[in-house]
Amino acid sequence: MASDPSSSSPANQALTPVPQGNRVFHFHEHAALWFSLGTGLLVMQIGAYLVPAVGTRDALVAIVLGSLVGAGLLAWTARLGCQTGLSSAGLMHATYGSAFARLPVLLNIAQLLGWTTFELVIMQEGTVAILQQALGAAPGGLLDGMSGKLLATLLWGGVLIALMTGSMLTLVRRFVSRFGLPLVVASLAWLTWQFGTRLHAQGFDAFWNRPGTGGMGLFSAMDLVIAMPVSWLPLVADYARHGKRAASTLGGTWLGYALANIWCYALGVLVVSTVEPGTNLVAALLLAQGGLIALGLILLDEMDNAYGDAHSGAVSVHSLRPRWSIRAAGLGFAVVCTAFALVLPIHTLEPFLLLLSSVFVPLYGVILGRLGSGVAVTGATRTVDWSAAALWLLGIASYHLLAKFAPEFGSALPTLAITFVLAALSRPRGAGGLTPAQA
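None of these values were measured; they are calculated from a predicted model.

Chemist: Go over the confidence of the model for the protein, please, and point to the residues and values.
Modeler: Taken over all residues, the pLDDT of the protein has a mean of 85, while the share at 70 or more is 88%. Between residues 1–9, whose pLDDT stays under 50, and residues either more than four places distant or in other chains, the model counts 19 contacts. Confidence drops under a pLDDT of 50 for residues 431–439, and excluding neighbours within four residues, the segment shows 22 contacts in the predicted structure.

So this is what it looks like as structure tokens:
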């Protein structure tokens, strides 16, 4: 196995293409990684929000179309990362210039601190719920209140810190692909069968013909579905740069994430449609036969999401401070997020994290418009690309104006389309540093 280049050179590895000889990911590794990263309790919870805001049929249409489009954008960015061998920070430098790119890199670090912390809190809450049910813990006991949260947070934070000491390439190839993927597929299949059986007993016709309350339109629902794959856009190149071929990187990323996103969103809809109104999703999963084990496996898989956020955060930190190795930055990142999970009211910060994520929709619309048409920039000599920067700011304004004045059309897709088209039309011709796309 090729060694992880993130531990062998003091150079700025985030801004230096990964050599072809050091690339080790094949189609199945990309598919396994992104199926694993696309699976999670957060995705199921958001899926549960779709019903009853929209009817069952509209919800499922939004899930399938939104997942295919969102995962396609993710896969296109992955292909670009494989073509260039650059990290996400490297793509930002190539598009916006070395000086201006520091702003989106810093914003990416901020959002990854938040999302890693959020993942630790989700795992902490799920762990406490599982242990309370498994052990029959009484209120006021060790697993109740602050003591249980402290122990669970330190447990998962310690696991994350331990993972950051190892190689990302080894983790993906030896654990996620070989062991993690079969376990999470088995847990999803079991929960789907459990709640599908319950749905059959209650009557499929009533479920299928359930109308929406009108709280959300089809395009707004698609926006909510697309939000999850789009949230991974600032991270995907950090993994895709290790792919051997652009075609397998694109295909594996698209297939893996689309399947996971469709399955988890649809499972959220299925669960909320078969339990009593107002039932907590985690509580509903625990009440299913074998739900304790299935939820436990999903929680273990949630660690992949926390690790994915933390690793990309470390790569972004390293791009700004090359003296800090990716491994050292990752350890510091994991420690800070564990501390945040203990003290921050992370659920009240979720709207801020979603607001921060919105800046990356137009950011990558511009990146794909400039770099994603079959040739890719391998380096940037400009300090600021003013036209790219202006288009990004225009895209941010468009995103929020659409959300305020035309929510029925959604925000993500129109903003991506606007920024992509304008960036492609304004792309400098005859620029140096271009390489043909890999097959």
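Chemist: If you had to explain the nonpolar core to someone new, which residues and values would you point to?
Modeler: One finds Trp 34, Leu 41, Met 44, Leu 160, Leu 285 and Ile 367 to be the most contacted residues of the largest nonpolar core, which totals 121 residues. Counting residues per element, this core draws most heavily on helix 13 (residues 291–320), which supplies twelve residues. Sequence-distant contacts of Leu 41, that is, excluding residues within four places in its chain, are made with Ile 122, Leu 281, Val 282, Leu 285, Leu 295, Ile 298, Leu 299 and Glu 302.

Chemist: If you had to explain the environment of Leu 15 to someone new, which residues and values would you point to?
Modeler: Tracing the sequence through the fold places Leu 15 in the segment before helix 1 (27–38). Those residues within four positions of Leu 15 in sequence are excluded, and the remaining contacts are Leu 86, Ala 89, Gly 90, His 93 and Ser 319.

Chemist: Could you give me a rundown of the packing of aromatic side chains, with the residues and numbers involved?
Modeler: With the rule as written, the count across this model stands at twelve aromatic pairs. Here the aromatic rings of Phe 35 and Trp 263 are separated by 6.3 Å at their centres, their planes lie at 70°, and the arrangement is edge-to-face. Residue Phe 35 is located in helix 1, and its partner Trp 263 is located in helix 11 (residues 246–274); the two are separated by 228 residues in the primary sequence. Look at Phe 35 and you get buried, because its relative accessible area is 7%. A relative accessible area of 25% means that Trp 263 is categorised as partly exposed. By way of ring pairs, the aromatic residues Trp 34, Trp 232, Tyr 239 and Tyr 257 are connected into one cluster. Taking the ring centre of Phe 405 as reference, the NZ or CZ of Lys 404 above it sits at 5.7 Å.

Chemist: Explain helix 18 (residues 412–425) residue by residue, including any values.
Modeler: The end-to-end C-alpha distance of helix 18, which contains 14 residues, comes to 20 Å, matching closely the 20 Å that a straight helix rising 1.5 Å per residue would cover. Packing partners of the buried residues in helix 18 comprise helix 3 (56–84), helix 9 (218–231), helix 16 (360–371) and helix 17 (386–405).

Chemist: Hey, could you go over the environment of Ile 109 for me, with residue numbers and the actual values?
Modeler: Within the element layout of this structure, Ile 109 appears in helix 5 (residues 102–135). For the pair Ile 109 and Ala 310, spaced 201 residues apart in sequence, the C-alpha to C-alpha distance is 9.3 Å. With sequence-adjacent residues up to four places away left out, Ile 109 is seen in contact with Gly 313, Ser 316, Val 317, Leu 320 and Phe 333.

Reading the values: the criteria
- Residues numbered from 1 in each chain as written.
- Predicted model: local features only at pLDDT ≥ 70, side-chain atom pairs only at ≥ 80, totals over all residues.
- Heavy atoms only, no water.
- pLDDT = per-residue confidence, 0-100.
- Contact = heavy atoms within 4.5 Å.
- Core = buried A, V, L, I, M, F, W, Y, C linked by side-chain atoms within 4.5 Å.
- Buried < 20%, exposed > 50% of the residue type's maximum accessible area, 1.4 Å probe, protein only.
- Helix = DSSP H or I, 4+ residues; strand = E, 2+ residues; numbered from the N terminus.
- Phe/Tyr/Trp six-rings, centres within 6.5 Å; stacked < 30°, edge-to-face > 60°.
- Lys NZ or Arg CZ within 6 Å of the ring centre and 35° of its normal.
- Expected span 1.5 Å × (residues − 1).

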